[in-house]
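Reading the structure
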Amino acid sequence: KLLPEILRDFIHKVLVGFAEYWMGLLRKPFSCEGCGNDKDFMTIWKSVQKTASEIEFKVDDKELPMGEADGTGVGIKGIAKRGKELKVFVQYKRGGGVRVAGLDIGNYNGTMARRQVK
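Throughout what follows, the structure given in this document is the object of discussion. None of the values given here were measured: they were computed from a predicted structure. (Residues numbered from 1 in each chain as written. Predicted model: local features only at pLDDT ≥ 70, side-chain atom pairs only at ≥ 80, totals over all residues. Heavy atoms only, no water.)

Scanning the protein from N- to C-terminus turns up two helices and four strands. Partitioning the intrachain contacts of the protein with sequence separation of at least 6 by distance along the chain shows that 41% fall at a separation of at least 24. Carbon and sulfur atoms form 61% of the exposed surface of the protein, whose accessible area is close to 9,800 Å². (Helix = DSSP H or I, 4+ residues; strand = E, 2+ residues; numbered from the N terminus. Contact = heavy atoms within 4.5 Å. Areas by Shrake-Rupley, 256 points an atom, 1.4 Å probe, with all protein chains shown as cover.)

Here is the structure:
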């Protein structure tokens, strides 16, 4: 029972070691299939940050004038656990469903209450 776990951990460490080595090279031994880039790769986090900075959240006057706001209860990276959380506001759509109309980072208040907004 122990041998498969030891083998799994060993393989994981070898793969992570190779990945760290390859990503540290100026020119990678692989390239992007789409553009051929073999030098600099945007991590997922960098891509999310870039895309997020281009998104504008606001209430859409063409949709219903009501929605719900709630905190996620998910800790924010770099902030002490239960110190801050992501707050989300969704607006009800006329045809059904919801759309994200607001995001903010705020204090975690320890309640699970969902608030309806009209």
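Taken together, the side chains of L7, F10, I11, V14, L15, F18, Y21, W22, M23 and F30 make up a nonpolar region of the molecular surface, amounting to roughly 990 Å² of accessible area. Turning to its location among the elements, V14 is positioned in helix α1 (residues 2-24). (Patch = residues over 30% accessible without salt bridge, like charges linked within 9 Å, V, L, I, M, F, W, Y side chains within 5 Å. Salt bridge = Lys/Arg side-chain N within 4 Å of Asp/Glu carboxyl O.)

The subject of this paragraph is the packing of aromatic side chains. Considering all chains together, one arrives at two aromatic pairs under this definition. Seen from their ring centres, F18 and W22 are 5.5 Å apart, and the 35 degrees between their planes marks the pair as tilted. With F18 and W22 both in helix α1 and four residues apart, the pair spans about one turn of that helix. Under the relative-accessibility criterion, F18 is labelled partly exposed at 43%. Classification of W22 by relative accessible area gives partly exposed; the value is 36%. (Phe/Tyr/Trp six-rings, centres within 6.5 Å; stacked < 30°, edge-to-face > 60°. Buried < 20%, exposed > 50% of the residue type's maximum accessible area, 1.4 Å probe, protein only.)

A full pass over the atoms with the stated rule returns two salt bridges. We note a salt bridge from R8 to D9, for which the minimum N-O separation is 3.6 Å. Given a relative accessible area of 53%, R8 falls into the exposed group. Between D38 and R27 there is a salt bridge whose closest N-O contact spans 3.1 Å. In this pair, D38 sits in the loop between α1 and α2 (44-53) while R27 sits in the loop between α1 and α2, placing the two residues 11 residues apart along the sequence. The exposure class of D38 is buried, given its relative accessible area of 16%.

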